[in-house]
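# Commentary on secondary and tertiary structure
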Amino acid sequence: MAGGKKAGGKKVIENAYVVTVSGDEHPGGHIVIDGDRIAAVGPGPAPRVDGAERIDGTGCLATPGLVNTHHHLYQWAAQGMAVDGTLFEWLVASYRVWARMDAEVVRDAATAGLGWLALSGCTTTTDHHYVFPKGRGDLFAAEIEAAAEIGVRFHPCRGSMDRGRSDGGLPPDEVVENLDTVLAETEAAIDRHHDASPGSMLRVAVAPCSPFSVSKELLVAAAELARAKGVRLHTHLAETLDEEEHTKRHFGMTPVEYMDSIGWLGGDVWLAHCVHLHDSDIARLAGTGTGVAHCPSSNARLGAGIARVAHLLEAGAPVGLGVDGAASAELVPLAGELRQAIYMQRARYGPTALTARQALEMATLGGARCLGRQDELGALEPGRLADVALWRVDGFHAAVDDPVVALAFGQTPPLARLLVGGRTVVADGELVTVAQDAAARRGADAHRRLMRLAEEVL
């Protein structure tokens, strides 16, 4: 649903260190919110606003809400599997478990996963759901219901796989769909759920899974469908060297070259991972405005490598941050990916490779660019949506003079307030839209239910 002027009432945040990301920083600054939009941002005391809730930001850093550009929420129920495996080993171990999930598992796993994201400062998140076992309920609708309950802005991606093991793909045949089913179900999901209006809380993307689990025919048809419907495209790409070997063997091209050859690069596309890129790939992604979702913890957990983020940014490509699925990066908070991104780039390229402010920009405005919402999200400016994170950088964090460094380096500061469209979702480190303990229990219950369902066939 689109936001409205009265959605969050009137609020004034004052005495905070305000980082707009798009430009100025205001020590001791203020933010005025009217409904779901920011009305004013500036230095010094806030103007008088009759009837407004006043939020004291003393000792706090105010940033745009963080944007998560890649996730698999159902995987909250499958954490801790194949903990020492490569990507392909982990997938092979996981597919048959995932094949047993139902709508109840997905709804409860998504509730926990989305709550966890909100507690780490995330106001907008994508999700890439690509496993749809037959007869297990409406899994896509289940995660949408969870997002509405938590209160975050949601960009679910209707994923798909049509290339099972019998066709030379990696996944077992039981977890793939045929081409006609994928296209029909994807179109139905767009028609039912996508809201293109300004301030939208829900937008759908089209997201075939990966070049090693999807046919060329599906990739081409999916792009045609997405563009006919005016929605965005998403997939995994260039995550491992195995994938590059696969595309070179089958198509005689790198993964980026292959996707370019079938019309899958452009300003309406963002790609997850892109760990293994050649110079020509980076130039092509930047030249076409194709976004990249950087998931440093997942890439490290699976031993996939370190993406060339510093080079992508230097070339001008849109780059956002993502936590990836909870089963390939257990319990990773989005705010923690700022630190992971900084440290991994510096480990590979030196101490000037990525700054705290560059990481914050990736987590906010860069993510908004990936989702095509850079005019509404990712910066604290009048007219933008009132998605704001307020971090406590006093206490132990006050030993660091620069509050952006205090946020990005070391342990993430406590979250004092999280606003989505002006509505409070987190206050003083606690979810307020749902009972936090109950959300956590639902995630644990989803795990236990999925493991029981899997035992029936394993």
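Fair warning: this is a prediction, and the values are worked out from it, not measured in the lab.

Note on soluble globular proteins: their nonpolar side chains tend to be buried together. In terms of nonpolar packing, the biggest core is built from 121 residues, with L91, W98, M101, L114, L285 and L338 touching the most fellow members. Here this core takes nine residues from helix α2 (residues 103-119), the largest share from any one element. When residues no more than four places from it in sequence are discounted, the contact partners of W98 are Y74, Q75, A78, W90, L91, Y130, V131 and P133. Ranked by size, the runner-up nonpolar core spans 15 residues in total, among them I33, I55, V388 and A416.

If you walk through the whole model with that rule in mind, you get four cavities of 30 Å³ or more. Roughly 130 Å³ of volume is contained in the largest cavity. In terms of lining, the largest cavity is formed by 16 residues, of which the most central are L87, L91, Y130, H236 and E239. The leading source of residues in the lining of the largest cavity is helix α1 (residues 87-98), at four residues. Across the lining of the largest cavity, the residue classes tally to eight nonpolar, six polar and two charged.

One face of the sheet, then the other: side chains in a regular strand alternate in exactly this way. Taking burial as the measure, the five residues of strand β10 (residues 233-237) include five buried ones, the bulk of the element. Going residue by residue along β10, you find L233, T235 and L237 tucked away on one face and H234 and H236 tucked away on the opposite face as well. Bridge count between β10 and strand β11 (residues 269-273): five bridges; the pairing is parallel. Along β11, the bridge assignment pairs H234 with W270.

Across the six residues of strand β15 (residues 415-420), six count as buried, placing the element largely inside the fold. Two elements, strand β14 (residues 388-392) and β15, share four bridges in a ladder whose sense is antiparallel. Within β15, the position partnered with W391 by the bridge is L415. As paired strands, β15 and strand β16 (residues 423-427) are joined by four bridges and run antiparallel to one another.

Rules used throughout
- Residues numbered from 1 in each chain as written.
- Predicted model: local features only at pLDDT ≥ 70, side-chain atom pairs only at ≥ 80, totals over all residues.
- Heavy atoms only, no water.
- Core = buried A, V, L, I, M, F, W, Y, C linked by side-chain atoms within 4.5 Å.
- Buried < 20%, exposed > 50% of the residue type's maximum accessible area, 1.4 Å probe, protein only.
- Helix = DSSP H or I, 4+ residues; strand = E, 2+ residues; numbered from the N terminus.
- Contact = heavy atoms within 4.5 Å.
- 1 Å grid on protein atoms, 1.4 Å probe; cavity = no way out; pocket = protein on both sides within 12 Å on 5 of 7 lines; lining within 4 Å.
- Points joined across faces, edges and corners; volume = space filled by probe spheres on them.
- Nonpolar A, V, L, I, M, F, W, Y, C, P; charged D, E, K, R; others polar.
- Pairing = 2+ DSSP bridges.

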